[in-house]
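Coordinate inspection notes
Listed below are the residues making up each chain.
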Amino acid sequence: MSGSLLEVRDLVVRYGPVVAVDHVSFDLSAGETLALVGPSGCGKSSTAAAVLRLRRPDAGEVRFEGRELTGLDERALRPLRPAMQPVFQDPYGSLSPRRTIRDAVAEPLRVQGRWDAATGPARVAELLALVGLDEAAHGGRRPHELSGGQCQRAGIARALACEPRLLVLDEPVSALDPSVRAGILNLLSDLQERFALGYLFICHEPALVRHFADRTAEMRAGRIERIGP
Ligand SMILES: Nc1ncnc2c1ncn2[C@@H]1O[C@H](COP(=O)(O)OP(=O)(O)OP(=O)(O)O)[C@@H](O)[C@H]1O
């Protein structure tokens, strides 16, 4: 077995006649950030969706911790899903508007049967603290009662509740005010170091990821043209 967290080989995603992802291959190690950069429509989000199996690829392989995912059905995928978590661009869109932040962070624990009435609330407070939110001040708020940056932090806390090994970050700071972007990127760096998380970081602005990524894959018209530091 190889030491890679994620191995993607010859991935193809088609929408009818449109080939959105055209034989894309890359590896990602634990604790590493690979940025996937390229212009709008080049196939970044389709690659992310196929890696997370939100969409079944038309061809190719996705191997996560040595296990081939593309052949698995939904039932076989279910126990593996918590380990691969998405973080999306729109922080408000990824959390239920009616649910408090503490409920949003508790939900994955409940769904995975890891909720314990005695220790659950303290675990939620710990997860919120990990992303710089205070349970007493923020836990009872709903997403619209938080700033964009705070809301993105809450979304990251919810992802961490799943104890992931891979985060697929699809433009995670692009919707945020430039003044709060650095804070989120610093948070992501700290969390990566602490938990050895692998990051597939999708971004259309190469300048944004230059200092953040270990390696960058440049994508154009469905293909990776260059991959390197
Ligand atoms: N559901 C869909 N049906 C048909 N075509 C689609 C669909 N989703 C994406 N496409 C097409 O696939 C190609 C790749 O789109 P994708 O969203 O993966 O690119 P992207 O690089 O993530 O773009 P952006 O940065 O704008 O999100 C584009 O030509 C797009 O129009």
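Parameters at a glance
Residues numbered from 1 in each chain as written. Predicted model: local features only at pLDDT ≥ 70, side-chain atom pairs only at ≥ 80, totals over all residues. Heavy atoms only, no water. Helix = DSSP H or I, 4+ residues; strand = E, 2+ residues; numbered from the N terminus. Contact = heavy atoms within 4.5 Å. Areas by Shrake-Rupley, 256 points an atom, 1.4 Å probe, with all protein chains shown as cover. Lys, Arg positive; Asp, Glu negative; His and termini not counted. Charge placed at Lys NZ, Arg CZ, Asp CG, Glu CD. Pairing = 2+ DSSP bridges. UniProt positions renumbered as here; feature names shortened; annotations may be inferred. Buried < 20%, exposed > 50% of the residue type's maximum accessible area, 1.4 Å probe, protein only. Axes fitted to C-alpha atoms, helices over the stretch in contact; angles between N-to-C directions. Near = heavy atom within 4 Å. Polar contact = N/O pair within 3.5 Å; in protein donor to acceptor, adjacent residues only side chain to side chain. Arc of directions from axis to C-beta. Salt bridge = Lys/Arg side-chain N within 4 Å of Asp/Glu carboxyl O.

1. Topic: the overall build of the chain
- The secondary structure content of the chain amounts to eight helices and 10 strands.
- Dimensions of the chain along its principal axes, counting C-alpha atoms only, are 50 × 40 × 35 Å.
- In the chain, the proportion of contacts linking residues at least 24 apart, taken out of those at least 6 apart, comes to 69%.
- Approximately 10800 Å² of the chain is accessible, and the part contributed by carbon and sulfur atoms is 49%.
- Seen as two clouds, the 29 positive and the 29 negative side-chain charges of the chain have centres 4 Å apart.

2. Digging into the pairing of strand β9 (residues 215–220)
- Examined bridge by bridge, strand β3 (residues 33–37) and β9 share four bridges and lie parallel to one another. Residue pairing across strands places L36 opposite A217, the latter belonging to β9.
- For β9 and strand β10 (residues 223–228), the ladder comprises five bridges, and the chain directions are antiparallel. Note that in β10 the partner of A217 across the bridge is I227.

3. Observations regarding the UniProt feature "domain: ABC transporter" (unreviewed entry) in the chain
- Feature annotation in UniProt assigns "domain: ABC transporter" (unreviewed entry) to the following positions: residues 6–229.
- Secondary structure across residues 6–229 comprises 33% helix and 27% strand; the distance between its end C-alpha atoms is 18 Å.

4. Considerations on unusual backbone geometry
- Even without a glycine there, the phi angle at H23 is positive, about 60 degrees.
- Tracing the chain through its elements places H23 in strand β2 (residues 18–28).
- You will see that A221, though not glycine, has its phi angle at about 50 degrees, which is positive.
- Position of A221 relative to the elements: it lies in the loop between β9 and β10.

5. Notes on the environment of G43
- When you line up the elements, G43 lands in the loop between β3 and α1 (44–51).
- Overall, G43 belongs to the buried group, its relative accessible area being 9%.
- Separated by 19 residues in the primary sequence, G43 and V24 have C-alpha atoms spaced 9.9 Å apart.
- Apart from the residues within four sequence positions on either side, G43 is in contact with A20, V21 and M219.

6. Considerations on the sheet that holds β10
- The strand order across the open sheet formed by six strands is β6-β7-β8-β3-β9-β10, and the pairing between neighbours is mixed. A strand with exactly one partner marks an edge of an open sheet, and here the two such strands are β6 (84–87) and β10. Sheet twist, expressed as the mean angle between neighbouring strand axes with direction ignored, is 20 degrees.
- On the sheet, helix α7 (residues 178–195) packs against β3, β7 (166–170) and β8 (198–203) and is oriented at approximately 155 degrees with respect to β8.

7. Considerations on the site of the ligand
- The local shell around the ligand consists of Y15, A20, P39, S40, G41, C42, G43, K44, S45 and S46.
- A distance of 2.9 Å is found between an oxygen atom of the ligand and a side-chain nitrogen or oxygen belonging to K44.
- The separation between an oxygen atom of the ligand and a polar side-chain atom of S46 is 2.6 Å.
- Protein coverage of the free-state accessible area of the ligand, which is 630 Å², stands at 55%.

8. Topic: helix α4 (residues 120–130)
- For α4, the complete set of buried residues consists of G120, V124, L127, L128 and L130. One face of α4 carries all of its buried residues, which in axial projection span an arc of 155 degrees. Seen from the open side of α4, the exposed residues pointing more than 90 degrees away from its buried face are A122 and A129.
- On its buried face, α4 is in contact with α3 (101–111), α5 (135–138), α6 (148–160) and α7.
- Trailing α4 by a residue or two, G132 shows a phi angle of about 85 degrees, which is positive.

9. So, the side chain of D170
- The topology assignment puts D170 in strand β7.
- For the buried residue D170, which engages in no salt bridge, the nearest side chain bearing the opposite charge is K44, 7.0 Å off.
- For D170, the side chain forms a polar contact with the side chain of S45, separated by 3.1 Å.
- Once residues within four sequence positions are removed from consideration, D170 is found in contact with S45, V87, F88, Q89 and I202.

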